[in-house]
Amino acid sequence: MNADPASLTLAGAARALKAGRLSPVELLEATLERIRRWDPALNAFVLLTEARARADAERAHREIASGIWRGPLHGVPYGLKDIIDTAGIRTTCHSRLLMDNVPTRDAHVAALLQAAGGVLLGKLATHEFATGGPAFDLPFPPARNPWNPACFTGGSSSGSGAAVASGMLPLALGTDTGGSIRLPAAYCGVAGIKPTYGRVSRRGVAPLSFSLDHIGPLCWTVEDCALSLGVLAGFDATDPGSADLPVPDYAAALDAGVSGKTIGYVRAFSEGASDDMAAGIEAALAELSRLGARVVEVELPGMSLFQAAYRAICGAEGFAVHAHDLRARPHLYARVTRERLMVGAFVTGEDYVQGQRLRRELTAAVDRALRDVDLLASAAILTPAPRLEDVDTSPLRRAAPITVPFNITGHPALSLCCGYAKGGLPLALQLVGRPFDEVRVLGAGYAYE
């Protein structure tokens, strides 16, 4: 048995727990010790639910000891981005507007994790209402990157990225409207998957953009993401965007690999990448070729078109969510959140409709490209994590993240580490698949990893 149970991957912990070589209580205590050691410097948690975690771990211990096995998350610690409702536990969206908000019902994904026997350890930092950030005029400080605490974690699932990368949790849930699972995964050097739109229920998760929001896991490895997604995915009649489709066994399909597959490299999406990042992507593609994939270059519509559609759609929908509070109590928002959301007030009905029309055209273009290749590949970020003070927090960012295209189209997209820059910060590759073909995305990521 490993001397430090908290250093196990989720898959490794699950095997040890099932075999009785490790108890959920031992794993929890090791995890709590790591949190006490690292979180004061990283600010990943906004609320530590230690009493709930002990009750969950003791229940899991009794069940496993008596022969009840709920699956690979049974007895495994996890954390939730603090925009995901938890019954009887405060959910603040990292905002002073919701400091006293205690939901009476779990979000659908929170209920699934509890039913799977997971051990809830707390609520994790985000950017306020999953937009803006990093901000220093909020009730909680921004999360910091474990590779260098002076650096950005990526947003908005910032605490999720920091908690997983530092080993404080083997699993954290994030949400992704323009890259907010994949960006923290990329900057923090872990794996994170944005499933296909509709694959995971959004019920009980504070919305930013009704038609762009996705939910998914961040973990150390692709295998861990596959195990987690197997619990999270599925139809939910209470979410109008939920897809009523069968859920495959993601973990069982991981060994499919990439041999014989064709991967389309979207070189244009990596324009402007740092030398380190460009070299990391080229090396990753070479490794995928060595593993048997055929790598070809493909062209998609320009990044500026995806970003234009994103600004119109996310701007209008984000303002619609927050219009009342922005008018009634704007001073309670952080400056960057307020300014970002208020830009949406200037998106006209015409802008929004044209953005949605453009979205249909862009989605069709990506679908056409994926008829000729099995997967798409690009950089997930253009540079390693910047310092916190260098992050663009202007109302209109100079450029939306390069993860945005696949929020517009809804295709499944995975970010995983593909090396390290000269300064030691992680680099990241993005793999994208056909709608509801997370199996192929995860299989390629697993083969590479």
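My aim in this report is to walk through the structure given alongside it, one point at a time. (Residues numbered from 1 in each chain as written. Predicted model: local features only at pLDDT ≥ 70, side-chain atom pairs only at ≥ 80, totals over all residues. Heavy atoms only, no water.)

1. Here we look at the overall build of the protein chain
Right, so step 1: A count of helical and extended segments in the protein chain gives 13 helices and 11 strands.
Right, so step 2: Relative to a compact globule of 449 residues, whose C-alpha radius of gyration would be 22 Å, the protein chain shows 20 Å and is just as compact.
Right, so step 3: Burial statistics for the protein chain: of 449 residues in total, 61% are counted as buried.
Right, so step 4: Here the contacts in the protein chain between residues at least 6 apart in sequence split such that 79% fall between residues at least 24 apart.
Right, so step 5: By element, 53% of the accessible surface of the protein chain is carried by carbon and sulfur atoms, the whole surface being about 16,600 Å².
Right, so step 6: On the protein chain, the mean spot of the 43 positive side-chain charges and the mean spot of the 46 negative ones are 1 Å from each other. (Helix = DSSP H or I, 4+ residues; strand = E, 2+ residues; numbered from the N terminus. Rg over C-alpha atoms; globule rule 2.2 N^0.38 Å. Buried < 20%, exposed > 50% of the residue type's maximum accessible area, 1.4 Å probe, protein only. Contact = heavy atoms within 4.5 Å. Areas by Shrake-Rupley, 256 points an atom, 1.4 Å probe, with all protein chains shown as cover. Lys, Arg positive; Asp, Glu negative; His and termini not counted. Charge placed at Lys NZ, Arg CZ, Asp CG, Glu CD.)

2. A closer look at the layout of surface pockets
Right, so step 1: Size it by volume and the largest pocket reaches roughly 1,100 Å³.
Right, so step 2: In terms of lining, the largest pocket is formed by 48 residues, of which the most central are Arg340, Arg397, Ala399, Ala400 and Pro401.
Right, so step 3: Elements that contribute at least two residues to the lining of the largest pocket include exactly helix H6 (182-188), helix H9 (303-328) and helix H10 (335-342).
Right, so step 4: With 8 residues, the top contributor of residues to the lining of the largest pocket is H9.
Right, so step 5: Residue composition of the lining of the largest pocket, by class: 25 nonpolar, 16 polar and 7 charged. (1 Å grid on protein atoms, 1.4 Å probe; cavity = no way out; pocket = protein on both sides within 12 Å on 5 of 7 lines; lining within 4 Å. Points joined across faces, edges and corners; volume = space filled by probe spheres on them. Nonpolar A, V, L, I, M, F, W, Y, C, P; charged D, E, K, R; others polar.)

3. Considerations on empty space enclosed by the protein
Right, so step 1: Taken as a whole, this structure holds 4 cavities of 30 Å³ or more when the rule is applied.
Right, so step 2: One number sums up the size of the largest cavity: a volume of about 70 Å³.
Right, so step 3: As for the largest cavity, its lining consists of Ile83, Ala130, Thr175, Thr177, Arg202, Val205, Ala206, Pro207, Leu208, Asp213, His214 and Ile215.
Right, so step 4: Grouping the amino acids of the lining of the largest cavity by side-chain chemistry returns 7 nonpolar, 3 polar and 2 charged.

4. Thoughts on the pairing of strand E3 (residues 119-124)
Right, so step 1: In terms of residue burial, E3 counts as a mostly covered element, since 6 of its 6 residues are buried.
Right, so step 2: Pairing analysis gives 3 bridges linking strand E1 (residues 45-48) to E3, with the strands arranged antiparallel. Each bridged residue has a counterpart across the sheet, and for Phe45 the counterpart in E3 is Leu124.
Right, so step 3: Where strand E2 (residues 77-81) lies against E3, 5 bridges are found, and the strand directions are parallel. In the strand pairing of E3, Lys81 is matched with Leu124.
Right, so step 4: Taking the sense of rotation as the criterion, the β-α-β connection linking E2, helix H4 (residues 108-115) and E3 turns out right-handed. (Pairing = 2+ DSSP bridges. Right-handed = clockwise from strand over helix to strand, strands pointing away.)

5. What about the side chain of Thr126?
Right, so step 1: Within the fold, Thr126 resides in the loop between E3 and helix H5 (158-165).
Right, so step 2: Thr126 sits in the buried class, given a relative accessible area of 3%.
Right, so step 3: From its side chain, Thr126 meets the backbone oxygen of Ser156 in a polar contact 2.9 Å long.
Right, so step 4: Look past the residues within four positions of Thr126 in its chain and what remains in contact with it is Lys81, Ile83, Cys93, His94, Ser156 and Ser158. (Polar contact = N/O pair within 3.5 Å; in protein donor to acceptor, adjacent residues only side chain to side chain.)

Function cannot be inferred from these measures alone, as they are strictly geometric.
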